[in-house]
Amino acid sequence: MMEFFSQGGYAGYVWGAFGMTFGLLLIEVLQLRSSRKTTLTRIRRLLRLRAPRQDSAGAAPQRGTSGPTS
Amino acid sequence: MTINWFKFASPAAFYPIAGRLIPWFSGIALALVLVGLFWGFFLTADQLGGSNPQKEYYRIIYVHVPAAWMSMWLYLVLAGWSAIGLVFNTRLSFMMAKAVAPTGAIFTFLALWTGALWGRPSWGTYWDWDPRLTSELLLFFLYIGYIALHSAIDDTRRADRAAALLAIVGLVMVPVIFLSINCPDPNQCASLHQRSDPGSIHLSILIPMLTMTLGLWSYSFAAVFARLRTIILTRESDNAWVRDVIAQETTA
Amino acid sequence: MKARQKRLVLVGLALVGVAGATTLALSALQSNISYFFSPSQVMASEHPTDAVFRVGGLVVKDTLARQEDGLTVHFEVTDNAAVVPVSYTGILPDLFSEGQGVVAKGRIGDDGVFYAEEVLAKHDESYMPPEVADTLQTAHVDGIVEQTTGTEPPRSMTQ
C-alpha cells in the first residue's frame, strides 16, 4: 500500500498531476451545478415579479397567461 | 425518411435533448475513467524499459496525453461552431461555442500542468521554450482571450461574433502544436518532445491511455451540455417555453 | 457614450493582450531556435563566443566520466558528424544516458570545452515495459526505427 502511494519516490509528480486533473474537473462540475441553480432561481424570481404586474395592470388577461400562481 | 436537422438547431429543441444526454455521458465518463485509472496504476509495469527507461512518473501519460488531445480537439469544436454561427447566423452554434471554451481552457491548463510535472523528473526541467510547449501555452491564451473578449462585450450578439472571429483566427495554432515536434532528426532541433507514434507505445500502456481519453471526451460532452443548458436558459429567459420548463425543473 | 467607450477599451485591451502574448511567445521561440547549435556548427565556429547558447545531440557511448568531486561530469555530444566535449556540475536528469539525446545550455570555454549550466534529456518515443523491451531486443527495435524513418534522413546511430 505504501509502495502504491510513494510511486517509487515520484509521489509529488504523479499525484500532483492526477490530483490537479481530477480536482479541477470536480471544481468545474460543482461550478456548473451552482451556476445552474442560481440561473434557475433568478429566472423564477424574474417570472414571479413579472406575472402579478401584468395582472394588476387592470387589463383583461390577454393570451393564456394564468394569474399569480400563489 | 428524412430528418429535419434544423429542428434540433433551435435552443428550445436542444435544451431537453442535452438534458437527457448529460446523465449518459457522465456515467460513461465515470466508468471509463475508473477503468483507465485502475488499468494504468495496477495492471501496467511500474517502470519502463528499453531505450526510454522512465520510472513511475511515466504514469502521467494517462492524464497528460488525453488532456493535450482534448485541448486541441475542443479548440477545433470551438472554432467550428464559431464558423457555423458566423456563416448561418444560428443562435445555438454561438451558444455551443461559448459553452465549450471554459472546458477547453481547463484541459489546456491541465496539459501544461501535467506536462511540467512530467518534464521535471524526465527531461530535467518544468518548463522550456520547446515549440510544442510554447504553442500549447499560446492555445491557453487563445481560450482565455476568447472568454475575456466575450465577457467584455455587453451586447450578446456582438460578443458572439467578435469572439467567434478570434477563435477562427486562432485556429492556426492547432496544426502548429500538432506538427511542432515532427523534427525528423533529433540532432537538428531543440525540441524536447519527440515524434509520438501510437505504434511505439506498448498495448498495455496504450489501452489505458485511450480509455482515459474516451472518458475525458465523454466528460467534455457532459460538462459542455450542462453549461449550454444554463446559457440557453439565460439567453431565452423571455421566451414562453422557458416558463414552462422552469415550472417543471427541480433546482437540484 | 461612456459605456461604449468602456467596451472599446476592454476589447482593445483584450486584443493587445493576445497580440502581446503571441509576439512574446514567438520571439521566445525564435531566440530559442537561433541559440541552438549542432556540434558540427560549433566545430565550424558558427556559435557565439560571448553568449549562452545551446548544444544538442546524442551522448557518445563510453564518454561519460564522473570527476572526483562526484558532481562534475564530462561527456561528449555528437550529431554523428562532429563531437563537442561537455562539462557539467549538477544533477543529471533521470533520462540522461549514453546514446540518448540531450540539450545542454551554457557557453564554450577557451579550452574548447562546453561548460553547461543546464543539461536536459530528451525522451524516446517508445513506451515499453522492461520485459517487453528486453525480449524485443535490438533486432526488432532497429526494424521499427528503419521503418519509421524510411523516407527521412537517418535519425540516429543508436548502435
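Residues numbered from 1 in each chain as written. Chains lettered and ligands numbered in written order. Predicted model: local features only at pLDDT ≥ 70, side-chain atom pairs only at ≥ 80, totals over all residues. Heavy atoms only, no water.

Residues and elements named next belong to chain B. At a closest axis distance of 11 Å, the pairing of helix α2 (residues 61-88) and helix α4 (residues 131-152) adopts a crossing angle of 40 degrees. Classed by the angle they form, the pair α2 and α4 counts as oblique. Where α2 crosses over α4, the two elements pack in a sense that is left-handed. Of the residues in α4, those touching α2 at Ser71, Met72, Leu74, Tyr75, Leu78 and Ser82 are Glu136, Leu139, Leu142, Tyr143 and Tyr146. Its residues assigned to classes, the contact of α2 with α4 shows 8 nonpolar, 2 polar and 1 charged. (Axes fitted to C-alpha atoms, helices over the stretch in contact; angles between N-to-C directions. Helix = DSSP H or I, 4+ residues; strand = E, 2+ residues; numbered from the N terminus. Parallel < 35°, antiparallel > 145°, perpendicular 65-115°, else oblique. Left-handed = near helix turned anticlockwise from the far one by under 90°. Contact = heavy atoms within 4.5 Å. Nonpolar A, V, L, I, M, F, W, Y, C, P; charged D, E, K, R; others polar.)

To continue, consider the packing of α2(B) against helix α3 (residues 91-122) of chain B. All names here are of chain B. Axis separation between α2 and α3 bottoms out at 7 Å; the angle between their running directions is 155 degrees. When the axes of α2 and α3 are compared, the pair comes out roughly antiparallel. Along this stretch, α2 crosses α3, giving a crossing that reads as left-handed. Its residues placed into classes, the contact of α2 with α3 shows 20 nonpolar, 10 polar and no charged.

What follows covers the interface of chain B and chain A. The interface of chain B with chain A comprises 42 residues on the first partner and 29 residues on the second. Of the roughly 3300 Å² buried where chain B meets chain A, counting both sides, 71% is carbon and sulfur surface. The tally of links from chain B across to chain A stands at 2 salt bridges. When the shortest N-O distance is used, the salt bridge between Arg227(B) and Glu28(A) registers 2.7 Å. In this structure, the connection of chain B to chain A is made through 8 residue pairs in polar contact (both at pLDDT 80 or more). Elements that contribute at least two residues to the side of chain B that touches chain A include exactly α1 (11-42), α2, α3, α7 (203-235) and α8 (240-248) of chain B. (Buried area = accessible area lost by both parts, 1.4 Å probe. Salt bridge = Lys/Arg side-chain N within 4 Å of Asp/Glu carboxyl O. Polar contact = N/O pair within 3.5 Å; in protein donor to acceptor, adjacent residues only side chain to side chain.)

All names here are of chain B. Relative to the 20 Å expected for 14 residues at 1.5 Å per residue, helix α5 (residues 156-169) spans 20 Å between its end C-alpha atoms, a close match to the ideal helical length. Every buried residue of α5 is listed here: Ala159, Asp160, Ala163, Ala164, Leu166 and Ala167. Buried residues along α5 cover an arc of 160 degrees about the axis, so they all sit on one side. With respect to the buried face of α5, the exposed residues turned more than 90 degrees away are Arg157, Arg158, Leu165 and Val169. (Expected span 1.5 Å × (residues − 1). Buried < 20%, exposed > 50% of the residue type's maximum accessible area, 1.4 Å probe, protein only. Arc of directions from axis to C-beta.)

Core analysis: the biggest nonpolar cluster contains 102 residues, and Ile61(B), Tyr75(B), Leu78(B), Phe107(B), Leu228(B), Phe114(C) and Val119(C) have the highest contact counts within it. When neighbours within four sequence positions are excluded, Val119(C) is seen to be in contact with Trp123(B), Phe75(C), Tyr88(C), Leu92(C), Pro93(C), Phe96(C), Val102(C), Val103(C) and Ala104(C). Trp123(B), Leu133(B), Leu192(B) and Val103(C) belong to the second largest nonpolar core, which has 6 residues in total. (Core = buried A, V, L, I, M, F, W, Y, C linked by side-chain atoms within 4.5 Å.)

Attention now moves to α8(B). All names here are of chain B. Among the residues making up α8, those that are buried are Trp241, Val242, Val245 and Ile246. The buried residues of α8 occupy an angular sector of 135 degrees when projected down its axis, which confines them to one face. In α8, those exposed residues whose orientation departs by more than 90 degrees from the buried face are Ala247 and Gln248.

With that out of the way, let us pick up the side chain of Arg54(C). In this fold, Arg54(C) is placed in strand β2 (residues 53-59). Since its relative accessible area comes to 8%, Arg54(C) is described here as buried.

Take a nonpolar patch on the surface next. Residues and elements named next belong to chain B. Nonpolar side chains collect at one region of the surface, where Trp69, Phe178, Leu179 and Leu210 lie side by side and expose about 400 Å² of accessible area between them. Mapped onto the fold, Leu179 is located in helix α6 (residues 173-179). Judged by its relative accessible area of 54%, Leu179 falls in the exposed class. (Patch = residues over 30% accessible without salt bridge, like charges linked within 9 Å, V, L, I, M, F, W, Y side chains within 5 Å. Areas by Shrake-Rupley, 256 points an atom, 1.4 Å probe, with all protein chains shown as cover.)

In this section: the confidence of the model for chain C. With 74% of its residues at a pLDDT of at least 70, chain C reaches an overall mean of 77. Predicted confidence is poor over residues 149-159 of chain C, with pLDDT under 50, and the contacts of this stretch with residues over four places away or in other chains come to 22 contacts. (pLDDT = per-residue confidence, 0-100.)

Here we come to the pattern of salt bridges. Residues and elements named next belong to chain B. A full pass over the atoms with the stated rule returns 7 salt bridges over all chains. Among the salt bridges present, the one from Arg59 reaches Asp46, with a minimum N-O distance of 2.7 Å. Of this pair, Arg59 sits in the loop between α1 and α2 while Asp46 sits in the loop between α1 and α2, placing them 13 residues apart in sequence. Given a relative accessible area of 1%, Arg59 falls into the buried group. You can call Asp46 partly exposed: its relative accessible area is 38%.

Residues and elements named next belong to chain A. Scanning the model with the defined rule gives 26 aromatic pairs over all chains in all. Between Phe5 and Trp15 the ring centres are 6.5 Å apart and the planes differ by 50 degrees, which places this aromatic pair in the tilted class. Pair noted here: Phe5 is in helix α1 (residues 2-6) and Trp15 is in helix α2 (residues 11-56), with a separation of 10 residues, a long-range link. You can call Phe5 partly exposed: its relative accessible area is 43%. (Phe/Tyr/Trp six-rings, centres within 6.5 Å; stacked < 30°, edge-to-face > 60°.)

Residues and elements named next belong to chain B. For Ser93, the position within the fold is in helix α3. In the structure, Ser93 is positioned 84 residues away from Ala9 in sequence and 8.1 Å away in space, judged by C-alpha atoms. If we skip the residues at most four places from it in the chain, Ser93 touches Trp81, Ile84 and Gly85.

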